[in-house]
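# A closer look at the structure
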Amino acid sequence: TVSSTNAETYLNLQNFKTELKTFQTGDSYKDVLEKSKSNAIEHNLSICHIDLKDVNEEKLGKRVDKVCKEMYQHTSCNGLFMVILAGKKAVNAAAGVTIVKPKFER
């Protein structure tokens with residue numbers, strides 16, 4: 001699931017596109033997040049590309065935390081959860097990966 005502003009970039013990657021089970025776009029941050037959460041429950045690997053370039057710096061950390069928390073809560077058991085934050089010329093990029101393991105009660 002990607003922001004509609006970034007859809008063309010993915011559609012131009014022919015080898016990538018042929019391996020996709022679903023490809024959805026959304027016009028708003030909330031729309032992309034909701035579609036991504038649904039896909040994360042149904043698939044072991046989901047790509048959620050939310051465009052955060054228009055979020056001001058004061059709110060950016062909170063927005064990233066919210067996206068990570070909601071996507072982690074909706075990622076399938078044994079599913080891969082990955083966060084990639086694109087950088088800029090003056091700001092480093094960052095990435096994080098985790099596998100959602102089942103929780104066993106004793």
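Residues numbered from 1 in each chain as written. Predicted model: local features only at pLDDT ≥ 70, side-chain atom pairs only at ≥ 80, totals over all residues. Heavy atoms only, no water.

### As for the overall build of the protein
Definition in use: Secondary structure is summarised from DSSP: a helix means a run of H or I of at least four residues, a strand means a run of E of at least two, and numbering begins at the N terminus for each. Throughout, exposure labels follow a simple rule: accessible area from a 1.4 Å probe, protein chains only, divided by the maximum for the residue type, with under 20% read as buried, over 50% as exposed, and the rest as partly exposed. Any pair of residues with heavy atoms lying within 4.5 Å of one another is described as a contacting pair. Residue exposure ignores everything except the shown protein chains as possible cover, and the areas themselves are Shrake-Rupley values with a 1.4 Å probe. Lys and Arg are tallied as positive, Asp and Glu as negative. Neither His nor the chain termini are counted. One atom stands in for each charge, and that atom is NZ of Lys, CZ of Arg, CG of Asp or CD of Glu.
Along the protein, the regular secondary structure elements total 4 helices and 4 strands. Going from the N terminus to the C terminus, the protein shows its helices and strands as β-α-α-β-α-α-β-β. Its C-alpha atoms put the protein at 50 × 35 × 25 Å along the principal axes. Per-residue burial over the protein gives 25% buried out of 106 residues. Across the protein, every contact between residues at least 6 apart in sequence was considered, and the portion connecting residues at least 24 apart equals 42%. Per element, the accessible surface of the protein, about 8,200 Å² overall, is 52% carbon and sulfur. Positive and negative charge centroids in the protein, built from 16 and 13 side chains respectively, lie 4 Å apart.

### Some words on the layout of surface pockets
The following threshold applies: For cavity detection a 1 Å grid was placed over the protein atoms alone, and a set of points counts as a cavity when a 1.4 Å probe fits there but cannot get out; an open set counts as a pocket when protein lies on both sides within 12 Å along at least five of seven lines, with lining residues being those that have an atom within 4 Å of a point. Grid points are joined across faces, edges and corners, and a volume is the space filled by probe spheres set on the points. Classification used: nonpolar for Ala, Val, Leu, Ile, Met, Phe, Trp, Tyr, Cys and Pro, charged for Asp, Glu, Lys and Arg, polar for all others including Gly.
Of the voids in this model, the largest pocket is the one considered here, and its volume is about 1,100 Å³. At the level of secondary structure, the elements contributing two or more residues to the lining of the largest pocket comprise helix H4 (57–74) and strand E3 (80–85). Taken together, the residues of the lining of the largest pocket break down into 23 nonpolar, 7 polar and 4 charged. The computed volume of the second largest pocket comes to approximately 370 Å³. Taken together, 15 residues line the second largest pocket, and the ones lying closest to its centre are Leu20, Thr22, Leu45, Ser46 and Ile47.

### Quick notes on the nonpolar core
Here is a general trend for soluble globular proteins: nonpolar side chains tend to be buried in one another's company. Selection rule: Here, nonpolar core refers to any group of buried Ala, Val, Leu, Ile, Met, Phe, Trp, Tyr and Cys residues whose side-chain atoms link them within 4.5 Å.
The biggest cluster of nonpolar side chains holds 12 residues, and these are Tyr29, Val32, Leu33, Ala40, Ile50, Leu52, Val55, Val64, Val67, Met71, Phe81 and Val83. Put simply, the parts of the chain that give this core at least two residues each are helix H3 (29–42), H4 and E3. Counting residues per element, this core draws most heavily on H3, at 4 residues.

### Considerations on the environment of threonine 1
Counting through the fold element by element, threonine 1 comes out in the segment before strand E1 (2–3). Look at threonine 1 and you get buried, because its relative accessible area is 10%. The sequence separation of threonine 1 and lysine 69 amounts to 68 residues, and the corresponding C-alpha distance is 17 Å.

By themselves, these observations are geometric and do not establish any function.
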